[in-house]
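Now for the letters of each chain:
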Amino acid sequence: MKTAVFSARRYDQSLLSEANRAAGHELLFIQDRLTPETAALARGCTAVCVFVNDCVDAEVLQLLADQGTRLVATRSTGYNHIDAAAAQRLGMAVVRVSDYSPHSVAEFAVGLLLAVNRKIARASMRTREGNFELEGLMGFDLHGKTVGVIGTGKIGSIFARIMLGFGCTVLGHDKHPDPAFEQLGGRYVPVHELLAGSDVISLHCPLTEETHHIVDAASLSHVKRGAILVNTSRGGLAIDVYEQEASLFFQDLSSTIITDDVIQRLVSFPNVIVTGHQAFFTVEAIGQIMATTVDSITAFERGAPLLNRVPGN
Ligand code: NAD
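Residues numbered from 1 in each chain as written. Predicted model: local features only at pLDDT ≥ 70, side-chain atom pairs only at ≥ 80, totals over all residues. Heavy atoms only, no water.

**Student:** Break down the overall build of the chain for me, citing the residues and quoting the values.
**Tutor:** The helix and strand tally for the chain stands at eleven helices and ten strands. Out of the 313 residues belonging to the chain, those deemed buried represent 48%. Of the contacts made within the chain by residues no fewer than 6 positions apart, 60% connect residues no fewer than 24 positions apart. Here the chain has roughly 15,300 Å² of accessible surface; of this, 52% comes from carbon and sulfur atoms. (Helix = DSSP H or I, 4+ residues; strand = E, 2+ residues; numbered from the N terminus. Buried < 20%, exposed > 50% of the residue type's maximum accessible area, 1.4 Å probe, protein only. Contact = heavy atoms within 4.5 Å. Areas by Shrake-Rupley, 256 points an atom, 1.4 Å probe, with all protein chains shown as cover.)

And the structure:
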């Protein structure tokens, strides 16, 4: 099936081509983001394949539908960048990669936590300049501390298991509590209790209208002084990391660029680590993303059931 692949970086091109070897879909790689201005590049393509910063709103979907596109396949779990209901109205199917190495993101969240708590990036910058001073680098033991996990799905539950292994008490909050989380050793509490009782808070829920700015000035006012906030979910939920400045709140950091004032301020804070949406970026996760994407395009072409259809489509 002729497929326009937007936001195609070099690794997307090589790994998707490799995953597509047996299926043989005709892939048209486009480095640009999908926007109303670039949608015309997909003319003649029955499928478009997108990533998290592509714009797949009602306007773009209409443009694509008018050109004959019938399938949108996102190379991600999150689908907040796609207007699934508009696609439904236009008779277009939307698929995602609902299942790929959740370990990649959970392990990265632990990495960020350790880096912020123990000031590893800051220490590394200092030693490169010959500064071996320890002043300002003190962290705290995670052992014995309380970790709050908001969203105890695939990634959140793995993160919880790792933190239990560190000897932490793990609190959870989820719209749909899962007994498996409690069997692991976690305990569900209301969100305000989680915020007030946790030394570390990690966000693992999808970005929806309900979770947008789930961490804002009001919720931060409940948080312990010195607590660490890790956000590997979506920029619109909160800032990456929070320590002390209880009144701060920012938005949509996952899609900002370096010229953005907010991100410039954030990266200038010594207690904040901002990464460029890279938590999923492991050999295992990317391999599964590409394979699932190709399988979805093949299933659509054959009229077979679409196993990874986006909710609401
Ligand atoms: P999942 O669907 O397995 O789990 C999400 C959990 O959030 C579910 O248990 C759900 O019930 C819960 N939830 C939904 N709405 C909620 C609410 N209002 N309050 C509390 N909990 C709520 O998803 P997952 O695979 O664990 O992924 C979680 C999120 O991580 C994704 O939605 C995506 O935004 C993000 N993600 C980021 C990267 C990255 O590279 N940074 C990669 C993959 C996923």
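**Student:** So what about the side chain of Asp199? Which residues, and what values?
**Tutor:** With respect to the helices and strands, Asp199 occurs in the loop between α8 (191-197) and β9 (200-203). Within the local environment of Asp199, its side chain forms a polar contact with the side chain of Lys224, the two groups lying 2.9 Å apart. With residues near it in sequence (within four places) discarded, Asp199 still touches Phe140, Lys145, Thr146, Lys224, Ala227 and Ile228. (Polar contact = N/O pair within 3.5 Å; in protein donor to acceptor, adjacent residues only side chain to side chain.)

**Student:** Quick one: what's the story with the site of the ligand, residue by residue and with numbers?
**Tutor:** The environment of the ligand is made up of 21 residues, and the closest members are Tyr100, Lys154, Ile155, Asp174 and Thr232. Here an oxygen atom of the ligand sits 2.9 Å away from a polar atom, N or O, in the main chain of Ile155. A distance of 2.9 Å separates a nitrogen atom of the ligand from a polar atom in the backbone of Thr232. Out of a free accessible area of 870 Å², the ligand has 86% covered by protein chains. (Near = heavy atom within 4 Å.)

**Student:** Explain the sheet that holds strand β4 (residues 71-74) to me, and be specific about the residues and the numbers.
**Tutor:** If you walk across this open sheet you meet the five strands as β2-β1-β3-β4-β5, and the pairing is parallel. Edge positions in the sheet fall to β2 (27-29) and β5 (93-95), since each has one partner strand and no second. Pairwise comparison of adjacent strand axes, ignoring direction, gives a mean angle of 20 degrees for this sheet. Across three bridges, strand β1 (residues 3-5) lies against strand β3 (residues 47-50) in parallel orientation. Within β3, the residue paired with Thr3 across the bridge is Ala47. Docked against the sheet, helix α1 (residues 10-19) engages β1, β2 and β3, running at close to 175 degrees with respect to β2. Against the sheet, helix α11 (residues 283-302) makes contact with β1, β3, β4 and β5, and its axis sits at roughly 165 degrees relative to β4, the strand it touches most. (Pairing = 2+ DSSP bridges. Axes fitted to C-alpha atoms, helices over the stretch in contact; angles between N-to-C directions.)

**Student:** For the pattern of salt bridges, give the residues involved together with the corresponding values.
**Tutor:** If you walk through the whole model with that rule in mind, you get three salt bridges. The salt bridge involving Arg75 is made with Asp12; its shortest N-O contact spans 3.5 Å. Note that Arg75 is positioned in the loop between β4 and α3 (84-89) and Asp12 in helix α1, a separation of 63 residues in sequence. Residue Asp12 is classed as buried on the basis of its relative accessible area, which comes to 6%. For Lys224, the salt bridge identified is with Asp199, shortest N-O distance 2.9 Å. With a gap of 25 residues between them, Lys224 in the loop between α9 (217-220) and β10 (228-231) and Asp199 in the loop between α8 and β9 connect regions that are remote in the sequence. When its relative accessible area of 14% is taken as the criterion, Asp199 is described as buried. (Salt bridge = Lys/Arg side-chain N within 4 Å of Asp/Glu carboxyl O.)

**Student:** For the packing of helix α4 (residues 102-117) against helix α6 (residues 154-165), give the residues involved together with the corresponding values.
**Tutor:** How two helices pack is summed up by the angle between their axes together with the distance between the axes. Between α4 and α6, the least distance of the axes is 8 Å, while the angle of their chain directions is 50 degrees. Classified by the angle their axes make, α4 and α6 are oblique. Our pair here, α4 against α6, has a crossing hand that is right-handed. Side by side, α4 and α6 meet where Pro102, His103, Val105, Ala106, Glu107, Ala109, Val110 and Leu113 of the first sit next to Lys154, Ile155, Ile158, Phe159, Ile162 and Met163 of the second. Looking at the contact of α4 with α6 residue by residue, the classes come out as eleven nonpolar, one polar and two charged. (Parallel < 35°, antiparallel > 145°, perpendicular 65-115°, else oblique. Left-handed = near helix turned anticlockwise from the far one by under 90°. Nonpolar A, V, L, I, M, F, W, Y, C, P; charged D, E, K, R; others polar.)

**Student:** Now, about the sheet that holds β10: what can you tell me, with residues and values included?
**Tutor:** As summarised here, the arrangement of the five strands in space is β8-β7-β6-β9-β10, forming an open sheet in which the pairing is parallel. Each having just a single partner strand, β8 (187-188) and β10 make up the two edges of the open sheet. Direction of pairing for strand β7 (residues 169-173) relative to β8: parallel, over a ladder of two bridges. Opposite Leu171, over in β8, you have Arg187 as the bridge partner. Set on the sheet, α4 makes contact with β9 and β10; between it and β10 the angle comes to about 150 degrees. Here α6 sits on the sheet in contact with β6 (146-150), β7 and β9, set at roughly 175 degrees to β6.

**Student:** So what's going on with the packing of aromatic side chains? Residues and values would help.
**Tutor:** A complete count under the given rule lists two aromatic pairs for this structure. Their ring planes at 55 degrees and their centres at 5.5 Å tell us that Phe51 and Phe280 sit as a pair that is tilted. Note that Phe51 is positioned in the loop between β3 and α2 (58-66) and Phe280 in the loop between α10 (261-268) and α11, a separation of 229 residues in sequence. Here the two residues Phe51 and Phe280 agree in accessibility, since each one is buried. With 4.8 Å between their ring centres and 45 degrees between their planes, Phe181 and Tyr188 make a pair best called tilted. The two residues Phe181 and Tyr188 agree in class, both being buried. (Phe/Tyr/Trp six-rings, centres within 6.5 Å; stacked < 30°, edge-to-face > 60°.)

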